[in-house]
Amino acid sequence: EETKNNLILSGQSEKPEVQEKLRQLDEIGKEIVDMMSRVIKREEEYSKLSMGLEKQPKMAPRSYYIQRITELSKNSWKQDADIKQIMKDTWQLQLEINSIQERLGRTYTVVDDAVFRYISCFSY
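Residues numbered from 1 in each chain as written. Predicted model: local features only at pLDDT ≥ 70, side-chain atom pairs only at ≥ 80, totals over all residues. Heavy atoms only, no water.

Details of the overall build of the protein chain
This is how it is decided: Secondary structure is summarised from DSSP: a helix means a run of H or I of at least four residues, a strand means a run of E of at least two, and numbering begins at the N terminus for each. Methods summary: accessible areas were calculated by the Shrake-Rupley approach with a probe of 1.4 Å, and residue burial reflects only the protein chains presented.
A tally of regular secondary structure across the protein chain gives 3 helices and 0 strands. Ordered by position in the sequence, the α and β elements of the protein chain form the string α-α-α. With an accessible surface of roughly 12100 Å², the protein chain has 61% of that area assigned to carbon and sulfur atoms.

Next up, the structure:
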């Protein structure tokens, strides 16, 4: 800025090389202002992001995640064992149901035969 004022005051502002220097100084000044505004904007963004980061919950240590994964795998094994036991119980119940159905069918046949004989005795 001082160089610009000195050139203007010295009366050499009409020379083409001086005018070029003045134009370059103006461009550099505009670039500096633009860069400063970008720097200020970035600093504001940085402060907002850092405040947001501080508000975020802290991450749990890695050992916590390892422990949790181990618990989940143990629970999975327990659930597999429970499922196998339930399937075994279901299979046994199905066998029992089939046995009872067969017995019921035989009983129905015997009762039906007895009723038929009883009715046939009175029909003649």
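Moving on, there is more to tell.
What to know about the packing of aromatic side chains
To be explicit about the condition: Aromatic rings from Phe, Tyr and Trp, with only the six-membered ring used for Trp, were paired whenever their centres fell within 6.5 Å, and each pair was classed as stacked if the ring planes differed by under 30 degrees, edge-to-face if by over 60, and tilted otherwise. The buried label goes to any residue with under 20% of its type's maximum accessible area, the exposed label to any with over 50%, and the partly exposed label to all in between, with areas taken from a 1.4 Å probe on protein chains only.
By the definition in use, this model includes 1 aromatic pair. Geometrically, the ring pair formed by Tyr64 and Tyr65 is edge-to-face, given 5.7 Å between the ring centres and 70° between the ring planes. The exposure class assigned to Tyr64 is partly exposed, which follows from its relative accessible area of 42%. The exposure class assigned to Tyr65 is partly exposed, which follows from its relative accessible area of 41%.

With respect to the pattern of salt bridges
The test is simple: Within this document, salt bridges are pairs made up of a side-chain nitrogen of Lys or Arg and a carboxyl oxygen of Asp or Glu, the two lying within 4 Å of each other.
Scanning all chains against the criterion turns up 3 salt bridges. The closest approach of N and O atoms between Arg38 and Asp34, which form a salt bridge, is 3.1 Å. Here Asp34 and Arg38 lie together in helix α2 (residues 16-55), a separation of 4 residues that amounts to about one turn. Judged by its relative accessible area of 46%, Arg38 falls in the partly exposed class. Note on Asp34: relative accessible area 38%, which makes it partly exposed. One salt bridge connects Arg117 with Asp113, and the closest N-O pair in it is separated by 2.8 Å. Residue Arg117 and its partner Asp113 are both found in helix α3 (residues 62-123); the two are separated by 4 residues, about one turn of the helix.

Regarding the confidence of the model for the protein chain
As a reminder, the rule being used: As a per-residue measure, pLDDT reflects the predictor's confidence and takes values from 0 up to 100.
The predicted model of the protein chain averages 85 in pLDDT, with 85% of residues at 70 or higher. Here helix α1 (residues 2-9) stands out as the least confident element of the protein chain, with mean pLDDT 59; α3 is the most confident, with 92.

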